[in-house]
Amino acid sequence: MSLIRNDVLVERDRRGSIAPAAVAGAAFGVVSLLVVVDPSEPGHYPLCPFRAVTGLDCPGCGTLRGIHELATGHPLAALDQNALAIVVLPALILVWIAWVRRAWTGEPRPAPHRPWVPFTVLVLVLGWWVVRNIPTVPFLGSGPG
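Residues numbered from 1 in each chain as written. Predicted model: local features only at pLDDT ≥ 70, side-chain atom pairs only at ≥ 80, totals over all residues. Heavy atoms only, no water.

### Focus on the packing of aromatic side chains
In the structure shown here, the tally under the stated rule is 1 aromatic pair. Ring centres of phenylalanine 50 and tryptophan 129 lie 5.1 Å apart, and the angle between their planes is 75 degrees; on these two criteria the pair is classed as edge-to-face. A residue pair is termed long-range when its members are at least 10 positions apart, and phenylalanine 50 in helix H2 (residues 49-54) and tryptophan 129 in helix H6 (residues 116-131) qualify at 79 residues. (Phe/Tyr/Trp six-rings, centres within 6.5 Å; stacked < 30°, edge-to-face > 60°. Helix = DSSP H or I, 4+ residues; strand = E, 2+ residues; numbered from the N terminus.)

### A look at a nonpolar patch on the surface
A contiguous nonpolar surface patch, about 240 Å² in accessible area, is contributed by Val31, Val35 and Val36. Here valine 31 lies in helix H1 (residues 18-36). For valine 31, a relative accessible area of 32% gives the class partly exposed. (Patch = residues over 30% accessible without salt bridge, like charges linked within 9 Å, V, L, I, M, F, W, Y side chains within 5 Å. Areas by Shrake-Rupley, 256 points an atom, 1.4 Å probe, with all protein chains shown as cover. Salt bridge = Lys/Arg side-chain N within 4 Å of Asp/Glu carboxyl O. Buried < 20%, exposed > 50% of the residue type's maximum accessible area, 1.4 Å probe, protein only.)

### Overview of the side chain of arginine 132
Take arginine 132: it is sitting in the segment after H6. Here arginine 132 occupies a buried position and makes no salt bridge, while the nearest side chain of opposite charge, aspartate 57, is found at 4.1 Å. Within polar-contact distance, the side chain of arginine 132 engages the backbone oxygen of cysteine 58 at 2.8 Å. (Lys, Arg positive; Asp, Glu negative; His and termini not counted. Polar contact = N/O pair within 3.5 Å; in protein donor to acceptor, adjacent residues only side chain to side chain.)

### A closer look at the environment of glutamate 69
As for its position among the elements, glutamate 69 is in helix H3 (residues 63-71). Glutamate 69 sits in the buried class, given a relative accessible area of 17%. For the pair formed by glutamate 69 and serine 40, sequence separation is 29 residues and the distance between their alpha carbons is 9.8 Å. Excluding its chain neighbours within four sequence positions, the residues that come into contact with glutamate 69 are His74, Ala77, Ala78 and Gln81. (Contact = heavy atoms within 4.5 Å.)

### Here we look at the environment of valine 37
Take valine 37: it is sitting in the loop between H1 and H2. For valine 37, a relative accessible area of 23% translates into the label partly exposed. Considered as a pair, valine 37 and histidine 68 are 31 residues apart in the sequence and their alpha carbons are 8.7 Å apart. Among residues more than four places away in sequence, those in contact with valine 37 are His44 and Tyr45.

### Overview of the packing of H3 against helix H5 (residues 83-105)
One way to put it is that H3 packs onto H5 with a least axis distance of 9 Å and a crossing angle of 60 degrees. As summarised for this structure, H3 and H5 are arranged oblique, according to the angle between their axes. In terms of crossing hand, the pair formed by H3 and H5 is right-handed. Between H3 and H5, the residues in contact are Thr63, Gly66, Ile67 and Leu70 and Ala85, Ile86 and Leu89, respectively. (Axes fitted to C-alpha atoms, helices over the stretch in contact; angles between N-to-C directions. Parallel < 35°, antiparallel > 145°, perpendicular 65-115°, else oblique. Left-handed = near helix turned anticlockwise from the far one by under 90°.)

### With respect to the pattern of salt bridges
This structure, assessed with the given rule, holds 2 salt bridges. With a shortest N-O distance of 3.1 Å, aspartate 57 and arginine 51 are connected by a salt bridge. In this structure, glutamate 107 engages arginine 101 in a salt bridge whose closest nitrogen and oxygen atoms are separated by 2.8 Å. For glutamate 107, a relative accessible area of 31% translates into the label partly exposed.

In short, geometric facts, not functional conclusions.
Printed below as a string of structure tokens:
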């Protein structure tokens, strides 16, 4: 398929649209499964290995339960399961939308991220890992792994 941009004919590669569509399909499938099979009920999903060994929550503990709560219309309960995952979800959706737009228009990928971004993400995740294991902090969701 062709696209005219700045008086230049640009060929758009349809294969570039397959990956974002596959991610959307996988996400839809996972969320659909989480709506139907409640992760709060034991026996449906494996326990978190870190929690099984240490008794502490990892940064991802509660994400499945949080997505289940969000998908079934309970945003505060979702925050209580894993606040970081629920707060980051809109940013992930925006990144996916930008990916789809680039795939559809044939725009090149943006320049690589700033070098401080991975460090910031690491500090955020490690900080969340510590804070969520403090018993008096709200929105930490101490449920099954």
